[in-house]
Amino acid sequence: MMLRSRAIAGGSLLLAGAIGLSACTTASLDAGNEAGATAVGQKNTEVSAAPFNAAAAGLLPPGVRARGTLVVGTDPTFAPYEFYASDNKTVVGWDADFAKALGETLGLKIQMVPATFDTILPGVSSHKYDVGISGFNVTAERMKNADFAVYQSSGSGLAVKAGNPRKLSVDPMKLCGMKVGGEKGTTQGIETLPEFSKKCVDAGNQPIDIQLFPSQHEANLALMSGRVDGVLSGTIAMGYSSKLSGGAFELAGGEDYAPTPVGIAMPKGSPLTGAIVAAVRAIVAGESYKQINARYGIPQSVTVSPDAVDASGAR
C-alpha cells in the first residue's frame, strides 16, 4: 500500500494545481499514493489479517450478514487516512486498512464508496452507506444523529506557509483578521473556526475570514497559492500533507488543539452499532491495529484502548 517514491513529484502536482497550470483532479492531487508514501517516511509494514470474531459477527443484523458486504462512505482527500492509489480509483490509507480489518473481523467484504466529506454523515443517516469511515471527530452535536465506534483520539493543527511568515498558531488571537481555510463539514470548519472568530470579535478585533472548501486538497491548494493564510485540520493529516507539499507549507508549532475521539459513524440507534463496536474493540486489542499504525507512522499518543471504543451514546 503506502510505499512512497513520489514526494517531490507529488509536491509539484499540488503546486501546479494551485497556480492553475494543471487541470488536476482531486485524485491526481493526492500525492500520498502507493509510490509517494515511501518518500515521506512511511513503512512498507505488513498488516496481518484480523482474526474473525464470531461473537461480534453474531451481532450483525440479518440483512447485512446475508448481503455479506459493508458499504463504507469515505472522502479520499485526507492522506494518510484515505486517498487514491496510483490507479486513481482504489481508496487506500489508514482508514481503508482499518475498514479491511473490520470486514475480516466480521466476515464481510468492504465496499469503499468515495464521497465529499460533508455528504457522508447525511448519507449514513439515510442508509446510503452502512457506516462512514473518514476521520470523523466524535462530537456531542454529531452524536445527536449518529453512533460512533472510536479508534483514535487526535486534535487539530494549523498549516501555514513555509517559515510561518505571519507567525500564526492555533490561538484565536493570532488568527484575528486572517484568512483561514478548512474543509466543509469538518469540526474545524463548522465549530472551531467560528468559535475562534467570535473570540476575536468579543475582544474587539477583526473576525477571522473563514474560507471553507469542498475537499482538503482544495484547502491545501488555497494555502499554497496564497488565497488563505492558514488551514486548520487534523494534525496528523496536515503534518503528512506538509511533507508532500515540496516545502510549500508546514505545521505551525504547538501542541494539538483539543484532542477529540475519532471513529466510525453509524446511524443513530443502528442495529449495526453493537457489531461494529464489538469488532473495533477486538481490532484495537490485536496486532492488526499496531501494524496499521506502524505502516502510516501514527504515533502511540493518538491510539485508544478497547475500553474507549464505545461512543454509541450509552455514556
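Before going into details, it helps to say that this report is about the structure given with it. (Residues numbered from 1 in each chain as written. Predicted model: local features only at pLDDT ≥ 70, side-chain atom pairs only at ≥ 80, totals over all residues. Heavy atoms only, no water.)

1. Side note on the overall build of the chain
Moving on, step 1. Along its length, the chain carries 13 helices and 13 strands.
Moving on, step 2. Within the chain, the fraction of its 315 residues that count as buried is 55%.
Moving on, step 3. For the chain, contacts bridging at least 24 residues in sequence account for 78% of all contacts bridging at least 6.
Moving on, step 4. Of the roughly 12700 Å² of accessible surface on the chain, a fraction of 54% belongs to carbon and sulfur atoms. (Helix = DSSP H or I, 4+ residues; strand = E, 2+ residues; numbered from the N terminus. Buried < 20%, exposed > 50% of the residue type's maximum accessible area, 1.4 Å probe, protein only. Contact = heavy atoms within 4.5 Å. Areas by Shrake-Rupley, 256 points an atom, 1.4 Å probe, with all protein chains shown as cover.)

2. Looking at the side chain of Glu183
Moving on, step 1. Here Glu183 lies in strand E8 (residues 179–183).
Moving on, step 2. Buried and without a salt bridge, Glu183 has Arg142 as its closest oppositely charged side chain, separated by 8.8 Å.
Moving on, step 3. For Glu183, the residues in contact, after removing those within four places along its chain, are Asp75, Thr77, Phe117, Gly189, Phe213, Pro214, Ser215 and Gln216. (Lys, Arg positive; Asp, Glu negative; His and termini not counted. Salt bridge = Lys/Arg side-chain N within 4 Å of Asp/Glu carboxyl O.)

3. Quick look at the packing of helix H6 (residues 94–106) against helix H13 (residues 287–295)
Moving on, step 1. Packing of H6 against H13 brings their axes to within 10 Å, and their N-to-C directions diverge by 165°. By the angle between their axes, H6 is roughly antiparallel relative to H13. Between H6 and H13 the crossing geometry is right-handed. Where H6 abuts H13, its residues Trp94, Asp97, Phe98 and Ala101 lie against Tyr289, Ile292, Asn293 and Arg295. (Axes fitted to C-alpha atoms, helices over the stretch in contact; angles between N-to-C directions. Parallel < 35°, antiparallel > 145°, perpendicular 65-115°, else oblique. Left-handed = near helix turned anticlockwise from the far one by under 90°.)

4. Quick look at empty space enclosed by the protein
Moving on, step 1. In this structure the tally under the stated criterion is 2 cavities of 30 Å³ or more.
Moving on, step 2. Here the largest cavity defines a volume of roughly 250 Å³.
Moving on, step 3. At the level of secondary structure, the elements contributing two or more residues to the lining of the largest cavity comprise strand E6 (131–137), strand E7 (146–161), helix H9 (187–202), strand E10 (230–234) and helix H11 (235–244).
Moving on, step 4. For the lining of the largest cavity, the element with the most residues is E7, which contributes 4 residues. (1 Å grid on protein atoms, 1.4 Å probe; cavity = no way out; pocket = protein on both sides within 12 Å on 5 of 7 lines; lining within 4 Å. Points joined across faces, edges and corners; volume = space filled by probe spheres on them.)

5. Digging into unusual backbone geometry
Moving on, step 1. Cis rather than trans, the peptide bond between Ala79 and Pro80 has omega equal to 5°.
Moving on, step 2. With respect to the helices and strands, Pro80 occurs in the loop between strand E2 (77–78) and strand E3 (82–84).
Moving on, step 3. Located in the positive-phi region is His127, a residue other than glycine, with phi close to 70°.
Moving on, step 4. By secondary structure assignment, the location of His127 is in the loop between helix H7 (117–125) and E6.
Moving on, step 5. Since its relative accessible area comes to 59%, His127 is described here as exposed.
Moving on, step 6. We note that Ala258 has phi near 50°; this positive angle belongs to a residue other than glycine.
Moving on, step 7. Among the secondary structure elements, Ala258 is positioned in strand E12 (residues 257–267).
Moving on, step 8. Exposure remark for Ala258: the relative accessible area of 40% places this residue in the partly exposed category.

6. Remarks on the pairing of strand E1 (residues 69–74)
Moving on, step 1. The buried fraction of E1 is high, at 6 of 6 residues.
Moving on, step 2. Of the two faces of E1, the one lined by Thr69, Val71 and Gly73 and the one lined by Leu70, Val72 and Thr74 are each fully buried.

7. A closer look at the layout of surface pockets
Moving on, step 1. Considering only enclosed or pocket space, the largest pocket measures out at about 230 Å³ in volume.
Moving on, step 2. What lines the largest pocket is a set of 14 residues, and nearest its centre among them are Leu121, Pro122, Glu141, Arg142 and Asn145.
Moving on, step 3. Here the lining of the largest pocket is built from residues that sort into 7 nonpolar, 3 polar and 4 charged.
Moving on, step 4. Estimates place the volume of the second largest pocket at around 160 Å³.
Moving on, step 5. Every residue lining the second largest pocket is listed: Asn137, Thr139, Ser154, Gly155, Ser156, Thr187, Glu191, Thr192, Glu195, Tyr257, Ala258 and Thr260.
Moving on, step 6. Secondary structure elements with two or more residues in the lining of the second largest pocket: E7, H9 and E12.
Moving on, step 7. Residue composition of the lining of the second largest pocket, by class: 2 nonpolar, 8 polar and 2 charged. (Nonpolar A, V, L, I, M, F, W, Y, C, P; charged D, E, K, R; others polar.)

8. Quick notes on the side chain of Asp130
Moving on, step 1. Note that Asp130 resides in the loop between H7 and E6.
Moving on, step 2. Among the polar contacts made by the side chain of Asp130, one reaches the side chain of Arg67 at a distance of 2.6 Å.
Moving on, step 3. Once you skip the residues sitting within four places of it in the chain, Asp130 turns out to touch Arg67, Thr69, Leu70, Val71, Val124, Ala265, Met266, Pro267 and Leu272. (Polar contact = N/O pair within 3.5 Å; in protein donor to acceptor, adjacent residues only side chain to side chain.)

9. Quick notes on the state of the cysteines
Chemically, a disulfide is nothing more than a covalent bond linking the sulfur atoms of two cysteines.
Moving on, step 1. Per the stated rule, a full pass over the model turns up 1 disulfide.
Moving on, step 2. Across a sulfur-sulfur distance of 2.1 Å, Cys176 and Cys200 are joined as a disulfide pair. Measuring handedness by torsion sign, the sulfur bridge of Cys176 and Cys200 sits at about -90° and is left-handed. You can see Cys176 sitting in the loop between helix H8 (172–175) and E8 and its partner Cys200 sitting in helix H9, a full 24 residues away along the chain.
Moving on, step 3. The buried category is assigned to Cys176, whose relative accessible area is 15%. (Disulfide = S-S within 2.5 Å.)

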